[in-house]
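# Descriptive structure summary
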Amino acid sequence: MTLDAFWTRPIDLGTISFTPLSLLLGFVLLLVAVFIQRLLKYILSQRVFPRFSMHPGLAHAYATLVGYIFLFVALIIIGPISFQGLNWATLSVILGAISFGVGFGLRNIADNFVSGLIILLERPVRVGDRVTIDDTSG
């Protein structure tokens with residue numbers, strides 16, 4: 001088996017087909033998406049939102065939310081590029097299985113994630129506030 005044959009040899013899992021090259025391309029595209037997401041978050045929180053006289057904590061919250069939405073859209077775009085035969089019905093089944101797992105197996109993590117978003121958006125604690133819980137302060 002030549003190296004070229006290895007990279008382009010299709011691997012079939014049901015209706016989904018991928019090659020090692022398409023997996024590598026998907027991984028690289030995911031890294032690029034994460035880089036763009038972090039750059040977008042920085043630009044929004046440091047450059048765009050302060051021009052509207054927005055509080056730094058609220059700017060950070062909105063930039064984080066926009067970053068999550070960007071990554072979600074990027075994953076929806078990258079998935080079918082890496083995995084040929086991946087259609088929306090398959091994606092909905094996968095997302096349903098993931099939400100089932102999050103709902104039961106990772107409930108505490110999901111609760112903390114949502115609580116973090118609520119704290120970011122409602123801003124009961126702002127950047128620069130001093131917080132004391134029992135004997136710990138910060």
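One can find the structure itself at the top, above this paragraph.
How each quantity is defined
- Residues numbered from 1 in each chain as written.
- Predicted model: local features only at pLDDT ≥ 70, side-chain atom pairs only at ≥ 80, totals over all residues.
- Heavy atoms only, no water.
- Helix = DSSP H or I, 4+ residues; strand = E, 2+ residues; numbered from the N terminus.
- Rg over C-alpha atoms; globule rule 2.2 N^0.38 Å.
- Buried < 20%, exposed > 50% of the residue type's maximum accessible area, 1.4 Å probe, protein only.
- Contact = heavy atoms within 4.5 Å.
- Areas by Shrake-Rupley, 256 points an atom, 1.4 Å probe, with all protein chains shown as cover.
- Lys, Arg positive; Asp, Glu negative; His and termini not counted.
- Charge placed at Lys NZ, Arg CZ, Asp CG, Glu CD.
- Expected span 1.5 Å × (residues − 1).

## Focus on the overall build of the chain
Looking only at helices and strands, the chain has five helices and four strands in total. Listing the helices and strands of the chain from first to last along the sequence gives α-β-β-α-α-α-α-β-β. Its C-alpha atoms give the chain a radius of gyration of 20 Å, more than 25% over the compact-globule value 14 Å for 138 residues. Taken along the three principal axes of its C-alpha coordinates, the chain extends 65 × 35 × 30 Å. Across the 138 residues that make up the chain, the buried fraction comes to 20%. Contacts spanning at least 24 positions in sequence make up 55% of the contacts within the chain whose residues lie at least 6 apart. In the form shown here, the chain has an accessible surface area of approximately 10,200 Å², with 69% of it arising from carbon and sulfur atoms. In the chain, which carries 9 positive and 7 negative side-chain charges, the distance between the mean positions of the two groups comes to 11 Å.

## Description of helix α3 (residues 56-82)
Residues spaced three or four apart along an α-helix point in a common direction, a consequence of the helix completing one turn every 3.6 residues. Helix length check: α3, at 27 residues, gives a terminal C-alpha distance of 38 Å against a target of 39 Å (1.5 Å per residue), a fit within 8%. Turning to α3, its buried residues number three or more, namely Gly 57, Leu 58, Ala 59, Ala 61, Ala 63, Thr 64, Gly 67, Ala 74, Ile 78, Gly 79 and Ser 82. As for α3, its buried residues are in contact with β2 (16-18), α2 (20-48) and α5 (107-122).

Treat this as a map of the structure, not an account of what it does.
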